[in-house]
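# What the coordinates show
For reference, the chains in residue letters:
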Amino acid sequence: MKVRFFIRGYMLDTFVSFDRKLRLPDGCSMADAFVRVEKKAGVKLSRCLAESEVVAESILLNGERVPLPRLSETTLSDGDEVSVLSPLAGG
Amino acid sequence: MTTMPPPEADPPGNHDNDRAPGTPPGERAAGGVAGKLLWVDLSEKRSWEEVVSPEVSRAFLGGYGLGAWALYRNLEPGTDPLSADNIFGIVAGTLTGYGTPFSGRSQIVSRSPLTGTWADSNSGGAIAGQLKRCGYDGLFVRGCADSPTALIIRDGKVSFEDATDLWGLTTFEATDRLAERLDREKTGFSVIGPAGEKQSLIAAVINDRYHAWGRQGFGAILGSKKLKAIAVQGSGQVPLAHPAAFKALCEEINLPYREAHSLLVRFMAYVMKTNRFMGFVYRMITKLGLKLPVGGNQAPMIRTWRKMGTTSAVSVSTENGDAPVKNWTGAGSKDFPLSTKAYKVSDEAVQRYIDRSLSCGDCPLVCKGVVSVKDGAYKTDQVRRPDYETLCGFGANMLNDNLESVVMCHHICNNYGMDAVSAAATLGMVAELYEKGVLTIDELDGVDLRWGNAEAIVEMTRKMATREGCGDLFADGSAKAAERLGTDGAREAAVHVHGQEPAYHDPKFSMSMGTGYVADPTPGRHTTGNASWNESFGMKLPLPDAKPATVEAASVGLRSYEGKGEAQRIWSNHHQALNGSGLCMFSQLTGGLPYSRLINAATGWDMTDDEFLDAGERIQNMRHAFNVREGIKPADFKAHPRMTGEVPLKHGPLAGVKVDQQKLKDMYFDAMDWDRESGRVSADRAKALGIEETLADLVG
Ligand code: SF4
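Residue positions are given per chain, counted from 1 along the sequence in the order it is written. Lettering for chains starts from A, numbering for ligands starts from 1, and both go in the order in which the items are written. Only residues with pLDDT of 70 or above have their local features reported here, since the model is predicted, and side-chain atom pairs are shown and tallied only from 80 upward, although totals for entire chains, interfaces and linings are computed over all residues. Heavy atoms throughout the structure, all of them, feed into the side-chain values; hydrogens and water do not.

### Considerations on the overall build of chain A
What counts is decided by this rule: Numbering of helices and strands starts at the N terminus; helices are DSSP runs of H or I of at least 4 residues and strands are runs of E of at least 2. Summary of the burial criterion: residues with accessible area below 20% of their type's maximum are buried, those above 50% are exposed, and those between are partly exposed, where the area comes from a 1.4 Å probe applied to protein chains only. By definition in these notes, contact holds between two residues if any of their heavy atoms fall within 4.5 Å. The method behind every accessible area is Shrake-Rupley, applied with a 1.4 Å probe, and residues are considered shielded solely by the protein chains displayed.
Assigned secondary structure in chain A consists of three helices and five strands. With respect to the principal axes defined by its C-alpha atoms, chain A has extents near 40 × 25 × 25 Å. The proportion of buried residues among the 91 residues of chain A is 54%. Taking the intrachain contacts of chain A between residues at least 6 apart in sequence as the baseline, contacts between residues at least 24 apart amount to 57%. Approximately 4300 Å² of chain A is accessible, and the part contributed by carbon and sulfur atoms is 45%.

As structure tokens, then:
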């Protein structure tokens, strides 16, 4: 199955802008998907989610928030869109 | 309260300034500040000077602080903001006027015609720096001209010039016309457009073509005084107490920004400067504001901010819920998704239209831009790049992914002199009422203001800016429009705090942002300093030498209420000290500047970071006390139920989220030692800050 990932914002002192569709095994959980995606995105997602409350609060699956403790039990489906966002100052 | 008497009447006309009676020459600071204000009466066409004591300069700094000090003493409570009696002041910060990094900013203060409260705004623009070079820390204007007037100040000389030929012109046209006879490079221009002339309560004042004192209706104040433009040219130099130390500090600050360019680029810059012909090319490049490419091991924040400024935040904020959409009824991730819509009005998409970068002046970061749309229905030439608020307002909020139309809406706002935040929010209200059938297409003069209809959005923006047809109904913002429509539905759809629309940051996402909306003396504003700098953006208080307990208390959790009142107190005080210094809030993005050391090198003072924060607290108290004196009660500033989640969102990351805005406001009031009911300042705190005499009638 293919899942689109948006990972964006300042994470661990780097500006990340990642937008890609990735092929994942069927039934893959969000937690597993994050392990696979972090190398490609160039950011240690697990560390970032552990350190930043606001990023941990900004994990979305198809536009709805997924709480951090539910990442392991949330399975992805073909065509899903996952976002991990770090807020940026507006003006 | 002491009201400064005007000097004896002089014959009208152009003349040099007089010293106001009762203002002894006093001892000035060793540098940095002028120690003088210029006062102008438009009715009587005369001007005079007021000396500011060094104690006042140090206690209140400049900018909003000095402005609040001057207005509190001179503006009678109950003054109609659009009357001749109202006063506005353009005030320079302590660090303005002599090349301090991030100091190309100008500040304005008055009483707002939109909210009836204290009003201030901090914008890019050269006018405050020019005032400093004329020998003034601020210009205060009262009275009303009998015909359209341009106030021209060259060093100490004040002229009241006929501006009949400028009346009716857009801000671009009027600025360019003035620049034909006043050197653009050496003059600060503040101009109103047709919206200000027609006293739209959301009218703005535009500085140097591209920067706006946008919020709270300053354009209407100038319009009510028939003051089309102010132009200031100063040829003096501001003396500094310790010039070598000051220069070294500026070098230290600018270094990381310079190093954000790659080695190759820095080598190119060096070669170009030292070679005569290439030196000319280099000067032309930098004069035109073109950026040398950025590369190498630069700090990501500097690189991103320099390239995209606040536009980089749009798609993320729309998706994560920070930016409200569909007049606060939708969820960006559902109604304007990042993958299909939001990216079209964000960061890289905006970059495609960039002609050149734009700075407020004296800025090592240079985060603004000038754009052109080369052809099509929304063709524009060299206009200000829309930034976060405008892209969210005319884009995401209106479910409009046509970026060129957003550029046009923003340009209409700047060119006609109207606040883009309030204008876009008012459009959102109108679109909602149209969708619900409360307003018909006939009542909208045939404009089909459906969500996302770019053509209609541009047309209605133009109508509001010119008060044409139905535009007149909406030209004073959503609260006034709802009042005129007089229905519950309209009142429900008007999202505002005490008359002013909040910015595009949802308190349900960042709760401290909401505290600012309802507890700062300028309701609905997001640039007043609040703990969301830490809460959402993870920044540490950029005052390393402040008491460790203060730095620690400025850090808070995202969803917890714990410590939020004290954190808000610290951040708002810090922000007001920044305003008093005359600096841009984005100087904090990369860890802040050595603020008090800069002030000391310029003025010869020995200010500590803690004293800097105290000055901010003094400023915040003065701004607040102004409202208390006007009889405004804390309870008057209410968050709209859509802002708090009392009317919950059904979808998206903030679905069902509620925030107790009253609790946060009470916590902030407690931390500031302000009475929750009356707003009065505690006697102990006022005494500790040395403002107990100034606020004698409001303390206790
Ligand atoms: S950072 Fe941007 S807004 Fe601030 S002074 Fe510099 S150019 Fe102006």
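### Here's the deal with the overall build of chain B
Which entries qualify depends on this criterion: Atoms counted for the radius of gyration: C-alpha only. Globule rule: 2.2 Å times residue count to the power 0.38. Charged residues are defined narrowly, with Lys and Arg counted positive, Asp and Glu counted negative, and His plus the chain ends left uncounted. Charge coordinates come from a single atom per side chain, which is NZ of Lys, CZ of Arg, CG of Asp or CD of Glu.
Along chain B, the regular secondary structure elements total 29 helices and 17 strands. On C-alpha atoms alone, chain B measures out to a radius of gyration of 24 Å, which is about the 27 Å that the 2.2 N^0.38 rule sets for 700 residues. Along the first, second and third principal axes, the C-alpha set of chain B runs to 65 × 65 × 60 Å. Long-range pairs, those at least 24 residues apart, make up 70% of the contacts in chain B with a sequence separation of at least 6. Counting every atom, chain B has about 23400 Å² of accessible surface; 51% of that belongs to carbon and sulfur. Of the charged side chains in chain B, 76 are positive and 85 negative; the average position of the first set lies 5 Å away from that of the second.

### Side note on the site of the ligand
Basically, it comes down to this: We call a residue near a molecule or strand as soon as one heavy atom of that residue lies within 4 Å of the molecule or strand. Only Asp, Glu, Lys and Arg are considered charged, only Ala, Val, Leu, Ile, Met, Phe, Trp, Tyr, Cys and Pro nonpolar, and every remaining residue, Gly among them, polar.
Around the ligand sit B:Phe102, B:Arg105, B:Ser359, B:Cys360, B:Cys363, B:Leu365, B:Val366, B:Cys367, B:Lys368, B:Cys584 and B:Phe586, and that is every residue in its neighbourhood. Looking at the shell around the ligand residue by residue, the class counts come to eight nonpolar, one polar and two charged.

### Some points on the interface of chain B and chain A
To be explicit about the condition: Buried area counts how much accessible surface, traced with a 1.4 Å probe, disappears from two parts once they are put together, with both parts' losses summed. Here a salt bridge means any side-chain nitrogen of Lys or Arg lying within 4 Å of a carboxyl oxygen belonging to Asp or Glu. Polar contact criterion, stated in full: a pair of N or O atoms within 3.5 Å, where within protein one must be able to donate a hydrogen and the other to accept it, and residues adjacent in sequence count only if both atoms are side-chain atoms.
At the junction of the two partners, chain B supplies 34 residues and chain A supplies 25 residues. Summing both sides of the interface, chain B and chain A together bury roughly 2400 Å²; the carbon and sulfur share of this comes to 61%. Summed over the three residues of chain B that lose the most area to chain A, namely B:Val316, B:Ser339 and B:Leu558, the buried surface amounts to 20% of that side. On inspection of chain B and its partner chain A, the count reaches three salt bridges. As a salt-bridge pair, A:Glu64 and B:Lys334 come within 3.7 Å of each other at their nearest N and O atoms. Our enumeration of links across chain B and chain A arrives at eight residue pairs in polar contact (both at pLDDT 80 or more). The greatest single-element share of the side of chain B that touches chain A, amounting to five residues, is contributed by helix α11 (residues 314-320) of chain B.

### Quick look at the side chain of B:Ser200
With respect to the helices and strands, B:Ser200 occurs in the loop between α5 (194-197) and β12 (205-207). With residues near it in sequence (within four places) discarded, B:Ser200 still touches B:Ala195, B:Ala220, B:Arg467, B:Ala475 and B:Asp476.

### Describing the sheet that holds strand β16 (residues 368-373) of chain B
The strands making up a sheet associate through hydrogen bonds between their backbones, and the pairing can be parallel or antiparallel. Residues and elements named next belong to chain B. Short version of the rule: A pair of strands is treated as paired once DSSP finds two or more bridges between them. For helices, the axis comes from a line fit to the C-alpha atoms of the stretch in contact; other axes are also lines fit to C-alpha atoms, and the angle between any two N-to-C directions lies between 0 and 180 degrees.
Across the sheet, which stays open at both edges, the three strands sit in the order β15-β16-β17 with antiparallel pairing between neighbours. Of all the strands in the sheet, the pair left with one neighbour each is β15 (354-358) and β17 (380-384). Strand-to-strand twist of the sheet, defined as the mean angle between neighbouring strand axes without regard to direction, takes the value 20°. Two elements, β16 and β17, share three bridges in a ladder whose sense is antiparallel.

### Things to note about helix α3 (residues 127-134) of chain B
All names here are of chain B. Burial of α3 is extensive: seven of the eight residues sit out of reach of the surface. Considered for burial, the residues of α3 that qualify are Ile127, Ala128, Gly129, Gln130, Leu131, Lys132 and Cys134. Glycine 135 sits one or two positions beyond α3 and adopts a positive phi of about 95°.

### Regarding the environment of B:Pro502
All names here are of chain B. Within the secondary structure, proline 502 sits in the loop between α20 (488-493) and α21 (511-519). In this structure proline 502 comes out as buried when scored by relative accessible area, which is 2%. If we ignore the near neighbours within four places in the chain, the residues touching proline 502 are Arg215, Trp328, Val421, Val495, His496, Tyr517, Gly524 and Met643.

### Focus: the pattern of salt bridges
Scanning the model with the defined rule gives 53 salt bridges over all chains in all. We note a salt bridge from A:Arg70 to A:Glu73, for which the minimum N-O separation is 3.7 Å. Note that B:Arg484 is salt-bridged to B:Asp476, the shortest N-O span being 2.6 Å. Given the relative accessible area of 41%, B:Arg484 is considered partly exposed. Bridged by salt links that share partners, the residues B:Asp445, B:Glu459, B:Arg462, B:Lys463 and B:Glu468 form one connected network.

### Things to note about the domain arrangement of chain B
Residues and elements named next belong to chain B. For clarity, the threshold we go by: The domain boundaries here were taken from an automatic or database domain assignment.
By domain assignment, chain B separates into domain 1 (12-233), domain 2 (243-296) and domain 3 (301-493). Taken over C-alpha atoms, the centre of domain 1 sits 29 Å from the centre of domain 3. For the pair domain 1 and domain 3, the summed buried surface comes to about 2300 Å²; carbon and sulfur atoms form 56% of the total. Area buried by domain 1 at its contact with domain 3 is led by Phe102, Ile202 and Tyr210, which between them contribute 30% of it. Taken together, the connections running from domain 1 to domain 3 amount to one salt bridge. Here arginine 215 makes a salt bridge to aspartate 419, at a shortest N to O gap of 3.0 Å. Where domain 1 touches domain 3, the interface holds 19 residue pairs in polar contact (both at pLDDT 80 or more). Among the elements of the structure, α4 (171-179), α5 and β13 (211-213) are those that each provide at least two residues to the side of domain 1 that touches domain 3.

### What about the packing of helix α26 (residues 609-629) of chain B against helix α28 (residues 661-672) of chain B?
Residue and element names in this part refer to chain B. Selection rule: Left-handed is the label given to a crossing in which the near helix is rotated counterclockwise from the far helix by less than a right angle, and right-handed is the label when the rotation is clockwise.
Contact geometry for α26 and α28: axes closest at 12 Å, N-to-C directions at 120°. Seen from above, α26 lies across α28 with left-handed handedness. Where α26 approaches α28, its residues Glu617, Gln620, Asn621 and His624 are matched on the opposing element by Tyr668, Phe669 and Met672. Class assignment for the residues of the contact of α26 with α28 results in three nonpolar, three polar and one charged.

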